[in-house]
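Single-letter residue listing:
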Amino acid sequence: MADAIDVRLIAGGKYHDIDYARLQLLALLSEHERARVRIAEDYGEADELASADMLVTYTCDVVPSQEQIEGLKAFLSRGRRWFALHGTNSTFAIETDGKVKVPPLPRDFYEMLGSQFMAHPPIGRYRVRNAQPSHPLVSGVGDFLVEDEHYLQEYLPGNEVLLTTRFSGSTSLFEKDSWPEQEHQAMYLRKAHGGEILYLTLGHARGRYDMRPIADFYPAVERGAWQLPVFHELLRRGIRWALEKL
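Residues numbered from 1 in each chain as written. Predicted model: local features only at pLDDT ≥ 70, side-chain atom pairs only at ≥ 80, totals over all residues. Heavy atoms only, no water.

Remarks on the environment of Ala 84
By the secondary structure assignment, Ala 84 is in strand β4 (residues 81-87). The class of Ala 84 is buried, set by a relative accessible area of 0%. In sequence terms Ala 84 and Gly 238 are 154 residues apart; their C-alpha atoms lie 9.4 Å from each other. Leaving out residues up to four positions away in the same chain, Ala 84 has contacts with Thr 57, Ile 197, Leu 198, Tyr 199 and Leu 200. (Helix = DSSP H or I, 4+ residues; strand = E, 2+ residues; numbered from the N terminus. Buried < 20%, exposed > 50% of the residue type's maximum accessible area, 1.4 Å probe, protein only. Contact = heavy atoms within 4.5 Å.)

This is how it looks when you write it as structure tokens:
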């Protein structure tokens, strides 16, 4: 009889409907009988990270300590796989003038993930393109339109890019507020410390009470890519990818 799989789901952070995302991810993980999920709002104890079989993160401005980063390295060194979603690579501070400053991630964490969030324009519609139509994670997935936060990032070499977007224009709320036209990585694979990371930037979610303490009430409910069947298919494939060697 096959053993149960110890899955750590880290879902926490600012200005997002974490409850909604957590529930959706738990439903998808429940499709796999062997997956036994433990939930946290941050990276927790380093030894528990190191001993996990699979890691899924949906966070915003949740940055691991150096001790937790060492736990992540130990996790990956066992050949494990990490499915990182949306704002996992984000950290920021809102200045008194309302401008969003993006300090650098800890270098080890940045090198592990291979990217850092820098800015996004107002939520809007944009096209996601398939960069590797023959790759199993995205095969049969055509280009599609989504209304979501358009994540603009900085990258390190070594990412195997699967989905891309293009953007040029202004992100006036952010410290880096002007962007020439270029491609951005919406989904990629990265090898790190003997393991692998799959990063998917789509999946913004916000409810009416998720901007506190900046605002007590937010006028819209935002579900981004979660409304699209293709996004759920990408999530299912990512979960299967993370489980397939266990």
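This is not the end of the story, as more comes after the structure.
What about the pattern of salt bridges?
Applying the stated criterion across every chain yields a total of 22 salt bridges. With a closest N to O distance of 3.7 Å, Arg 78 and Asp 53 form a salt bridge. Taken as a pair, Arg 78 in the loop between α3 (66-77) and β4 and Asp 53 in the loop between α2 (46-51) and β3 (54-60) lie far apart in primary sequence, 25 residues in all. Looking at Arg 78, the relative accessible area reads 35%, which means it is partly exposed. Given a relative accessible area of 14%, Asp 53 falls into the buried group. With its nearest N and O atoms 3.7 Å apart, the salt bridge here joins Arg 206 to Glu 149. Of this pair, Arg 206 sits in the loop between β13 (195-200) and α5 (229-243) while Glu 149 sits in the loop between β9 (144-148) and β10 (152-155), and the two are 57 residues apart along the sequence. (Salt bridge = Lys/Arg side-chain N within 4 Å of Asp/Glu carboxyl O.)

Quick notes on the sheet that holds β4
One open sheet holds the nine strands; their spatial order is β2-β1-β3-β4-β13-β12-β11-β8-β9, and the pairing between them is mixed. With partners counted over all chains shown, the strands left at the sheet margins are β2 (35-40) and β9, one partner each. Averaged over all pairs of adjacent strands, the angle between their axes in this sheet comes to 25°, without regard to strand direction. Examined bridge by bridge, β4 and β13 share five bridges and lie parallel to one another. Pairing of Phe 83 across the sheet is with Leu 198, part of β13. Against the sheet, helix α1 (residues 18-29) touches β1 (5-13), β2, β3 and β4, its axis set at about 165° to β1. Each of β1, β3, β4, β9, β11 (160-170), β12 (178-192) and β13 touches α5; the most contacted strand, β4, lies at about 150° to it. (Pairing = 2+ DSSP bridges. Axes fitted to C-alpha atoms, helices over the stretch in contact; angles between N-to-C directions.)

Examining the packing of aromatic side chains
All chains considered together, the criterion is met by 10 aromatic pairs. Seen from their ring centres, Tyr 58 and Trp 226 are 6.1 Å apart, and the 55° between their planes marks the pair as tilted. Of this pair, Tyr 58 sits in strand β3 while Trp 226 sits in the loop between β13 and α5, placing them 168 residues apart in sequence. When its relative accessible area of 1% is taken as the criterion, Tyr 58 is described as buried. With 4.9 Å between their ring centres and 90° between their planes, Trp 226 and Phe 231 make a pair best called edge-to-face. For the pair Trp 226 and Phe 231, one class covers both residues: buried. A cation over an aromatic ring shows up here: Lys 176 above the ring of Trp 179, its NZ or CZ 4.1 Å from the ring centre. (Phe/Tyr/Trp six-rings, centres within 6.5 Å; stacked < 30°, edge-to-face > 60°. Lys NZ or Arg CZ within 6 Å of the ring centre and 35° of its normal.)

Details of α1
Taking 1.5 Å per residue as the helical rise, α1 with its 12 residues ought to reach 16 Å, and the 16 Å between its terminal C-alpha atoms agrees with that figure. When α1 is considered as a whole, its buried residues turn out to be Ile 18, Tyr 20, Ala 21, Arg 22, Gln 24, Leu 25, Leu 28 and Leu 29. Among the structural elements, β1, β2, β3, β4 and α5 are those in contact with the buried residues of α1. (Expected span 1.5 Å × (residues − 1).)

Quick notes on the packing of α1 against α5
Direction vectors running N to C along α1 and α5 enclose 55°, while the axes themselves pass 10 Å from each other. Classified by the angle between their axes, α1 and α5 sit oblique to one another. By crossing handedness, the relation of α1 to α5 is classed as right-handed. Residue-level inspection shows Gln 24, Leu 25, Leu 28 and Leu 29 of α1 in contact with α5, the latter providing His 232, Leu 235, Arg 236 and Ile 239. Residue classes in the contact of α1 with α5 are distributed as five nonpolar, two polar and one charged. (Parallel < 35°, antiparallel > 145°, perpendicular 65-115°, else oblique. Left-handed = near helix turned anticlockwise from the far one by under 90°. Nonpolar A, V, L, I, M, F, W, Y, C, P; charged D, E, K, R; others polar.)

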